[in-house]
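Remarks on the overall topology
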Amino acid sequence: MVLTDKQRQFVDAKARGASNKEAAEAAGCKASTASAAGSRWANDPKIASAILARRAELSVNPEKSRKRREQPSAESDETDEAGGEYLDCLPTTEDPLVWLLALMNEPKAKVFDRRNAAQTAVPYVHGKKGDAGKKELKEQAAKEAGKGKYSAGKPPLTVVRK
């Protein structure tokens, strides 16, 4: 596991709590490319393991700090399983469209969830304009335009009459 100098500097900055972009800038990347470089390096398995190892070196007792961080979140998950959403008023139904419409019209729901429900339900409530594709619609429009005064004349006779 050999890291370059920039990657080692990134690992040090990231282990101290910097964001991906800040750590990449601290490693010497340009500000315009720091965000992309930081994201790329953060997803690299070698660098991720080096960050964890560096954090363990910097921390006196990493196990205690992890337990302290996990305990409050575990308690809050037990008390609030729905993540702050208490939507008991939504119907229990087998039809997903009915449930989506109920969620869309529920004032207690988050705006993001309501918008997503509306966006998902639109194709089922409002169908497409027609079953014909673009070419068929174009042909029909041409036939309609070719009627009346501007219609095509009779084709020439194939057999000469005497």
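For the structure, see preceding data.
All of the points below concern the structure found in this document.

Quick notes on the rules
Position numbers for residues start from 1 in each chain and track the written sequence from start to end. With pLDDT at 70 or above as the cut-off, local features in this predicted model cover only qualifying residues; side-chain atom pairs require 80 or more to be listed or tallied, and sums for whole chains, interfaces and linings still use all residues. The side-chain values count all of the structure's non-hydrogen atoms but skip hydrogen atoms and water molecules. Starting at the N terminus, helices and strands are each numbered in turn, a helix being any DSSP run of H or I of at least four residues and a strand any DSSP run of E of at least two. Using a 1.4 Å probe on the protein chains alone, a residue whose accessible area is under 20% of its type maximum counts as buried, one over 50% counts as exposed, and one in between counts as partly exposed. A positive count includes Lys and Arg, and a negative count includes Asp and Glu. His and the chain ends are not counted in either. Should a side-chain nitrogen of Lys or Arg be within 4 Å of a carboxyl oxygen of Asp or Glu, the pair is scored as a salt bridge. Working rule for contacts: check all heavy atoms of both residues, and any pair within 4.5 Å makes them a contact.

**Considerations on the side chain of Glu-106**
Position of Glu-106 among the secondary structure elements: in the loop between α6 (96-104) and α7 (111-125). Here Glu-106 sits buried without a salt bridge, and the closest side chain of opposite charge, Lys-108, lies 5.0 Å off (N-O distance).

**Describing the environment of Gly-28**
Among the secondary structure elements, Gly-28 is positioned in the loop between α2 (20-26) and α3 (31-42). By relative accessible area, Gly-28 is classed as partly exposed at 48%. The spacing of Gly-28 and Phe-10 is 18 residues in sequence and 8.8 Å in space, taken between C-alpha atoms. What Gly-28 contacts, discounting residues up to four positions off in sequence, is Lys-6 and Gln-9.

**Details of the environment of Phe-10**
Within the secondary structure, Phe-10 sits in helix α1 (residues 5-15). Excluding anything up to four places from it in sequence, Phe-10 contacts Asn-20, Ala-23, Ala-24, Ala-27, Gly-38, Trp-41, Ala-42, Ile-47 and Ile-51.

**Digging into the pattern of salt bridges**
If you walk through the whole model with that rule in mind, you get 4 salt bridges. The residue Arg-8 makes a salt bridge to Asp-5 at a minimum N-O spacing of 2.9 Å. Linking Arg-8 with Asp-5, this pair stays in helix α1, spanning 3 residues, or about one helical turn. Between Arg-54 and Glu-57 there is a salt bridge, with its nearest N and O atoms 3.0 Å apart.

Interpretation in functional terms is not warranted from these geometric data alone.
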